[in-house]
Amino acid sequence: MDMRWFRACGMLWGLTASLSAMAVSEISLQIERIDDPSYHLNAASARYQVGKQQQLVINAQQLRIGPATLAQPSIALNIAQASHLQVSSDQISIGQYQAKSGRFTVALGGRNGPSSLSLEAQIKANTDSQWGNLHLQCEMPSALAQYRWRCADGMYQDARSKVPFSIDVTPNTSVTTNVRQDVRPAGMQVLLRLKQATFSDASGLHAGERISGSVLVSAEADTQGWRWRGKVDWQSGALFWQPFYFAEGDKHFEIQGRYQSPYLLIEQALLDVPGVGQLTSSARIDLVDQSFEDLKIAGNQVNFAGVYRTLIQPLLANSAFGQLNVSGTADWSFEAKQHRPQRFLLNIRDASVEDHQGKFAFKHFNASIPWDYDTPNPIHISYQSGHVLNIPLGSTQWQAEVNRFSITAPHLRLPILDGALEFEDLSAAWVQHSMVWHLKMEMQPISLASFSQALGWPAMRGQIDGHIPLVSYANQTLRMAGEMNFSMFKGNVAMSDLEMHDPLGANPILNANLKMRNIDLGEITRTFNFGAITGKLEGDVSHLKLVRWKPVYMDAVIQTADGHHDNTISQRAVENITALGGEGTAKVLQRTVLRFFNAFAYEKIGLKCALRGDICKMGGVASTPHGFVILKGKGFPSVNVNGYTEYVSWQDVLSRMQRITDSNSQIIIQ
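How each quantity is defined
In this numbering scheme, every chain counts its residues from 1 along its sequence in written order. Owing to the predicted nature of the model, reporting of local features is limited to residues with pLDDT of at least 70; listing and counting of side-chain atom pairs is limited to 80 or more, with chain, interface and lining totals taken over all residues. Hydrogen atoms and water are omitted, and side-chain values are computed over all heavy atoms in the structure. Any two cysteine sulfur atoms lying within 2.5 Å of each other are counted as a disulfide. Only DSSP runs of H or I with at least four residues qualify as helices, and only runs of E with at least two residues qualify as strands; both kinds are numbered from the N terminus onward. Type-normalised accessible area, obtained with a 1.4 Å probe on protein chains alone, sets the label of each residue: buried when under 20%, exposed when over 50%, and partly exposed for intermediate values. Between rings of Phe, Tyr and Trp, where Trp is taken as its six-membered ring, a pair exists when centres lie within 6.5 Å; planes separated by under 30 degrees are stacked, by over 60 edge-to-face, and by other angles tilted. To sit over a ring, a charge needs its Lys NZ or Arg CZ within 6 Å of the ring centre and within 35 degrees of the ring normal.

*Asks:* Tell me what's going on with the state of the cysteines, and back it up with residues and numbers.
*Replies:* By the definition in use, this model includes 2 disulfides. The residue that forms a disulfide with C138 is C151, at a sulfur-sulfur distance of 1.9 Å. Across the S-S bond of C138 and C151 the torsion is about 105°, and the bridge reads as right-handed. Placement of the pair is C138 in strand β10 (residues 132–140) and C151 in strand β11 (residues 149–157), with a sequence separation of 13 residues. Grouping residues by exposure puts C138 and C151 together as buried. Each sulfur in the disulfide pair C609 and C616 lies 1.7 Å from the other. Here the two residues C609 and C616 agree in accessibility, since each one is buried. Disulfides within the protein chain link the bonded cysteines, taken in sequence order, as 1-2, 3-4.

Here is the structure:
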């Protein structure tokens, strides 16, 4: 026991004996205020009972000790045996936490056994509405400043949490020799153990499940402040700290540094995460502002898959990059000063990235991405192969310049199938917490045969090329200025007013208008095994809207072009047009005449669809009392094909097209 404790008790015993001889039974004292470097006491009253009880009771309005403020504290000390000290308070505030019904008790064992300390209170965070019960029982050493305090019986419990814990506190002492030997505390070591701890907060953003492990913190005073170090051994259990999830335990964290008010200096921190690798960091923290003045984090030869699962995927869970299979290794580092990012470096070596749903993939991916707040830097990105929506991508090398929060590149060639996309004037920037970018594009000729095969479509002939004047992206919306033109089937297809919201998200929405002109019907019908039709085709799809890449709104008109064209149609094409229009009748002058003709002349072919949701209002080149005309014949023999079902589900329209391309359509000609 500390000698000062015995000296104070001896003085009180001596005073008690003197007062008893004078027949004084009680002494009262009123104290307006006591200010001390270590505590402040306001409006206190002390009452000392002389005689057998010999009890000192101090009540006050407020007691402040360091960061703790006690309202209505009461301190009771038994002087006769000097064996019992109790401190209680109705309300206690410590930083962001509160406590009530607090009771702190010291029982000195003496000859009856070891001394003990107990703490009982209800506590909660200032932002929480729920109180929890805290219990702590400790064994006190005989010399408080020299030997270990063992607190094996600790428990915090509320409706959401149950945290069994133990704490060992070991003082580090120094001995000075002047006139006499004096043992003084020079620091301490604190060991906290958790066993099967479960907890969560009111918001549900932080939670732990059956966590076991230990936290060891030690600190020693020196001439410049305090030197400290810590070690965390997380043995088992799972932790969720929005948006990150850490499972399976077996993680180790070591940290050391110095403290000199108001700064906490982290000289070195080492985090060892199985499946990821080792991450190191250092920092300078202003404890008054609770902010990082300097921060450095680095990892070398880390597992790219582990980094993605642990640190990247939680941040991108609801984007197109939220479900990936990745492999490879990476080096990365990050520096910040005065709350501002300063430097960043990411080197990825021989990685593979593949979307779970097969939307895209990149093989043998390499990247060197240096970034500096004050200095522009070149970046290099390459991959040997890949695909987007099953369209193969060839080997690609991309060089660009990153200047603070913008990236520019004069040119990028992206090989696709037997052609390529040539991007010009690429520019991207991070503005007001979101990405904006723009580019121009030329499509070098790509064969329709390879393109249709990659998408699983019927084999097409010819080739496709095109030009995109300007595409921009801002506020999660992609827009195209001007028309995007493609050459195909010896004609032209133009897209205008293109706008896409959240193109890489889970719910993309596309709006556009399409225009087809001078399309060769012979090329189309040969491609889709439709039956022979000659002539020119034109069409307009106005107010097209796709949600999750499925059409939900459009006004579509597709018909043969007016003018002097050789308009003929085969009997097979007549049958397929009839099947496309649904239940209908091909009316001819005489059934027997059809057997002697393989082709017929026609005046007009056309089909309309006004799509609203999943229902398509059908139409043709003309109306009839009971439907619409799809094929209007000409000459002898004249063949007309009519449709009779005006409202059809969009899925039914697609099914009819599929049956036709599968050559399974059948028709009754009357």
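*Asks:* Can you tell me about the packing of aromatic side chains, naming the residues and giving the values?
*Replies:* Tallied over the full model, the rule gives 6 aromatic pairs. Between F360 and F362, the ring centres sit 6.2 Å apart and the planes meet at 45°, which makes this aromatic pair tilted. By relative accessible area, F360 is classed as buried at 11%. For the pair W371 and Y373, a centre-to-centre distance of 6.4 Å together with 75° between the ring planes defines the contact as edge-to-face. Site record: aromatic cluster; members linked through ring pairs are F360, F362 and Y383. The side chain of K251 reaches across the aromatic face of W234, ending 4.9 Å from its centre. Its end group placed over the ring of Y373, R404 keeps NZ or CZ at 3.8 Å from the ring centre.

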